[in-house]
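A closer look at the structure
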Amino acid sequence: MDNQVNFGWWDLIKIISKELDINDISYSYDASTSLFVHGMEIDMDDLDIMVQWDCFTKSYDLFQKYQPSDISYHSFVHYHFYINGLKVHILGSEQIDNLAEDLERVRLITTQGDVIWSKSLFFYRRHLVTDHPMVQDIDAWIENNKAGVEVLYGNKLDHLYAYRGGE
């Protein structure tokens, strides 16, 4: 994987996370971005961020400086914009109304001390079909990082493992 691309994505993640946090917008990195911020090797074509429903309009106003697309209302409400050629995709849903209590949302801290909120790997493990190519990668990552997983997920770990059938 191209380290320059990874560096660009990490820079973008830090910028967006900081802007969302400073403006009290609850969010969670989603889809392939969630796997990426957990440290998995994955190619991304955009940065996927789910924002809490009552923060969606505020996020759209915040990112006007990046000339976002119009808001689209297909399945999820969403819009996108670009920073340095990298696409940022912001999603919202009326069902995403309290991220603070979402047991599938975890707080990650980068080696530089930046805080990032993301969906858990267990969420994707549970929702991917058994023969999806990422299932083995996620299982291997969890197995190879057991100590880190226990520290990262703490008291949520039993809940998350229960969803995997008690593994």
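Residues numbered from 1 in each chain as written. Predicted model: local features only at pLDDT ≥ 70, side-chain atom pairs only at ≥ 80, totals over all residues. Heavy atoms only, no water.

**A word on the confidence of the model for the protein**
What counts here: Every residue gets a pLDDT, meaning the predictor's confidence in that residue, from 0 to 100. Where helices and strands are cited, they refer to DSSP runs of H or I of at least four residues and of E of at least two residues respectively, numbered from the N terminus. Any two residues whose heavy atoms approach within 4.5 Å at even a single point are treated as in contact.
When the pLDDT values of the protein are averaged, the result is 82; 83% of them are 70 or greater. Summarising per-element confidence for the protein, the mean pLDDT is lowest in helix α7 (residues 157–162) (51) and highest in helix α3 (residues 56–62) (98). Low pLDDT, under 50, characterises residues 1–6; the predicted model gives this stretch five contacts beyond four residues in sequence or across chains. Low pLDDT, under 50, characterises residues 162–167; the predicted model gives this stretch nine contacts beyond four residues in sequence or across chains.

**Observations regarding the nonpolar core**
Short version of the rule: The nonpolar core is taken to be a set of buried Ala, Val, Leu, Ile, Met, Phe, Trp, Tyr and Cys residues, with the residues joined through side-chain atoms within 4.5 Å. The buried label applies to any residue whose accessible area, calculated with a 1.4 Å probe on protein chains only, is under 20% of its type's maximum; exposed applies above 50%, and partly exposed to all values in between.
Membership of the largest hydrophobic core comes to 40 residues, with the highest contact counts inside it found for Ile16, Leu47, Ile49 and Ile90. Per-element tally for this core: the top contributor is helix α1 (residues 3–22), with five residues. Aside from chain neighbours lying at most four places away, what touches Ile16 is Tyr29, Leu47, Ile49, Phe63, Phe81, Ile83 and Val88.

**Details of the packing of aromatic side chains**
To keep things clear, this is the line we draw: Each Phe, Tyr or Trp ring (for Trp, its six-membered ring) is paired with any other whose centre lies within 6.5 Å, and the angle between the two planes then decides the class: stacked below 30 degrees, edge-to-face above 60, tilted in between. By the criterion adopted, a ring carries a charge over it if an Arg CZ or a Lys NZ lies within 6 Å of its centre and within 35 degrees of its normal.
Scanning the entire structure with this criterion turns up ten aromatic pairs. On the numbers, 5.2 Å between centres and 35 degrees between planes, the contact of Trp10 with Phe36 is tilted. Taken together, the positions of Trp10 in helix α1 and Phe36 in helix α2 (residues 31–37) put the pair 26 residues apart, joining distant regions of the chain. Residue Trp10 is classed as partly exposed on the basis of its relative accessible area, which comes to 26%. On the basis of an interplanar angle of 70 degrees and a centroid distance of 5.4 Å, the ring pair of Phe56 and Tyr79 is categorised as edge-to-face. Taken together, the residues Phe56 in helix α3 and Tyr79 in strand β4 (residues 76–83) connect sequence positions 23 residues apart. There is no split in this pair, since Phe56 and Tyr79 are both buried. One aromatic cluster in this structure is built from Trp53, Phe56, Tyr60, Phe63, Tyr66, Tyr79 and Phe81. The ring of Trp117 has Arg105 sitting right over it, with the charged end atom 3.9 Å from the ring centre. One Lys or Arg, Lys119, reaches over the ring of Phe123 and ends 4.4 Å from the middle of that ring.

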